[in-house]
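# Descriptive structure summary
For reference, the chains in residue letters:
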Amino acid sequence: MVKAVRISAFGGPEVLEYVDVEVGAPGPGEIRIRQHAVGLNFIDVYQRTGLYKLPLPAVIGLEGAGIVTAVGEGVTHLAEGDRVAYAAVTPGAYAEERVMPAAQVVVLPEELSFEQGAAMMLQGLTVQYLFRSTASLAPGDTLLFHAAAGGVGLIACQWARAMGLRMIATAGTDEKCALAKAHGAAEVINYSTTDFVSAVKDLTGGRGVPVVMDSVGASTWEGSTACLNPRGLMISFGSASGPVPPITVAELAAKGSLYVTRPTLFTYIAEPGSAQERAADLFDMVLTGKVKIDVARTRPLAEVAEAHRDLEARRTTGTTVFTL
Ligand SMILES: NC(=O)c1ccc[n+]([C@@H]2O[C@H](COP(=O)([O-])OP(=O)(O)OC[C@H]3O[C@@H](n4cnc5c(N)ncnc54)[C@H](OP(=O)(O)O)[C@@H]3O)[C@@H](O)[C@H]2O)c1
């Protein structure tokens with residue numbers, strides 16, 4: 001038996017149960033991992049509340065790092081004893097040990113700790129695909145990025161700086177704005193105290209921006225689309241403030257022939273080998289010093305409910321990792 005965090009009903013942090021669970025042997029295409037660090041992500045909140053529905057009971061969590069302890073039939077890219085990390089579509093990360101499909105698991109470079117591995121896979125691969133594949137961005141291009149002092153946000157600030165982009169960043173307090181700026185945002189807007197639409201218009205000579213990356217959802221959607229210049233690209237990749245209200249195609253015409261996409265990491269790493277390819281790019285950005293992975297805080301897995309409360313109440317910056 002190993003310790004794990006399970007939910008038997010959807011709801012608030014109180015549904016998170018710290019329990020003992022059985023872990024079996026890996027089947028074909030699977031591995032078993034002894035985890036040393038597990039990432040906390042906003043998507044875990046969506047799984048807990050039922051915004052993203054899982055069959056119950058379920059061990060939630062999508063990101064971790066540890067050592068492979070057993071390898072199932074047909075797995076060729078990993079071996080027992082490998083240090084590995086993953087962001088994977090199969091829930092079950094909130095556990096000391098787990099069995100999971102091997103396809104989205106990658107070997108963790110020696111230079112990176114388990115904590116860094118668990119801090120960077122889901123949030124870092126998200127930034128990797130957003131900046132490399134979702135938007136077509138060249139040095140000098142401007143974009144608007146919301147919640148820039150969060151886990152995804154602080155990696156995005158550094159990635160934008162490395163690509164020579166002008167990132168206009170928003171965050172909910174002056175301290176968070178300062179943090180985003182220190183990580184590479186060109187301009188920052190405290191969207192709790194300032195109307196970010198007029199601020200973006202002021203910063204862009206009234207033109208607006210060609211790309212918005214918005215993970216806040218309900219509370220920023222209207223403003224974000226208003227910040228786009230004609231034929232601009234709205235990338236809606238999260239719903240921290242609630243789901244985006246339904247939109248009609250006609251609205252996109254009225255707002256200037258806009259493009260909208262609602263991407264998810266798991267589409268971008270679905271093809272065999274793509275998680276490894278994207279991770280290689282992410283590791284390169286980190287190992288060459290262009291992106292620094294700071295683990296903002298670590299907590300024992302048993303403190304999971306408190307960690308969820310802090311994340312949802314916007315009390316965190318950067319990333320939180322559970323240690324095991
Ligand atoms: N589609 C994908 O592939 C993908 C992958 C990974 C993550 N995501 C999304 O990216 C976002 C960031 O994820 P993360 O794990 O790094 O979280 P995070 O950014 O560390 O935390 C969420 C942040 O959202 C902001 N926020 C604005 N309104 C909020 C509200 N009403 N309630 C809570 N937070 C609010 C807060 O920053 P301020 O106080 O500065 O506003 C908060 O710190 C999430 O929406 C997540 O779902 C999407």
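Described below are features of the structure shown in this document. (Residues numbered from 1 in each chain as written. Predicted model: local features only at pLDDT ≥ 70, side-chain atom pairs only at ≥ 80, totals over all residues.)

## Section: the sheet that holds strand 14 (residues 259-261)
Backbone hydrogen bonds are what pair the strands of a sheet, in a parallel or an antiparallel way. Stated precisely, the cut-off is as follows: Each pair of strands is called paired provided DSSP finds at least two bridges between the two strands. In this description a helix means any DSSP run of H or I spanning at least four residues, a strand means any run of E spanning at least two, and both kinds are numbered starting from the N terminus. Helix axes are fitted to C-alpha atoms over the stretch in contact, other axes to C-alpha atoms as well, and angles between N-to-C directions run from 0 to 180 degrees.
An order of 11-10-9-12-13-14 is seen for the 6 strands of this open sheet, with the pairing classed as parallel. Unpaired on one side and paired on the other, strand 11 (187-190) and strand 14 mark the two borders of the sheet. Each adjacent strand pair in this sheet contributes to an overall mean axis angle of 15 degrees, direction not counted. As paired strands, strand 9 (residues 142-145) and strand 12 (residues 209-214) are joined by 2 bridges and run parallel to one another. Its bridge partner lying in strand 12, F145 is registered against M213.

## Side note on the pairing of strand 5 (residues 63-71)
In this sheet, strand 5 lies alongside strand 3 (residues 30-39) in antiparallel orientation, the contact comprising 7 bridges. Bridged to I31 within strand 5 is V71. Sheet topology places strand 5 next to strand 6 (residues 83-87); 5 bridges connect them, and they run antiparallel. Residue I67 lies in a different strand from strand 6, and its bridge partner there is R83.

## A short note on the site of the ligand
The condition that has to hold: Residues are counted as near a molecule or strand when the C-beta atom, derived from backbone positions, lies within 6 Å of that molecule or strand. Under the convention adopted here, Pro, Cys and the residues Ala, Val, Leu, Ile, Met, Phe, Trp and Tyr are nonpolar, Asp, Glu, Lys and Arg are charged, and Gly plus all remaining residues are polar. For each domain, the first and last residues come from an automatic or database assignment.
The environment of the ligand is made up of 30 residues, and the closest members are G150, G151, G172, S215 and G238. When contributions to the shell around the ligand are tallied by element, the ones reaching two or more residues are helix 1 (42-49), helix 2 (114-134), helix 3 (151-162) and helix 10 (304-312). Among the residues making up the shell around the ligand, the classes are represented as 13 nonpolar, 14 polar and 3 charged. Residue assignment places the shell around the ligand across two domains, with domain 1 (2-121 + 287-323) and domain 2 (123-265) each supplying three or more.

## Brief notes about the sheet that holds strand 2 (residues 17-21)
The antiparallel open sheet is built from 3 strands, whose spatial order is 2-1-4. Two strands lie at the open edges of the sheet, namely strand 2 and strand 4 (58-59), each paired on one side alone. With 2 bridges joining them, strand 1 (residues 2-7) and strand 4 adopt antiparallel strand pairing. Paired with R6 across the strands is V59, a residue of strand 4.

## Side note on the nonpolar core
Note the cut-off: By convention the nonpolar core is taken to be a set of buried residues drawn from Ala, Val, Leu, Ile, Met, Phe, Trp, Tyr and Cys and joined through C-beta atoms within 7 Å. Put simply, a residue is buried when 20 or more other C-beta atoms lie within 10 Å of its own C-beta and exposed when 12 or fewer do; between those, it is partly exposed, and each C-beta is set from the backbone. Contact criterion: two residues are in contact if their C-beta atoms, reconstructed from the backbone, are within 7 Å.
The biggest cluster of nonpolar side chains holds 98 residues, and the ones touching the most others in it are L143, A148, A169, A180 and V212. Top contributing element to this core by residue count: helix 2, with 11 residues. Counting the residues that make up this core, at least three belong to each of domain 1 (2-121 + 287-323) and domain 2 (123-265). Not counting the four nearest positions on each side in its chain, A169 is found in contact with F145, A148, C157, A180, A185 and V188.

## Remarks on helix 9 (residues 274-287)
Going by this rule: By this rule, a helix spans an expected 1.5 Å times one less than how many residues it contains. The directions considered for the arc are those from the helix axis to the C-beta atoms.
Taking 1.5 Å as the rise per residue, helix 9 with 14 residues should run 20 Å; its terminal C-alpha atoms sit 20 Å apart, in good agreement. Listed as buried for helix 9 are A275, R278, A279, L282, F283, M285 and V286. Along the axis of helix 9, the buried residues cluster in a sector spanning 155 degrees; they form a single face. Opposite the packed face of helix 9, turned more than 90 degrees from it, sit the exposed residues D284 and L287. G289, located one to two residues past helix 9, shows a positive phi value of around 80 degrees.

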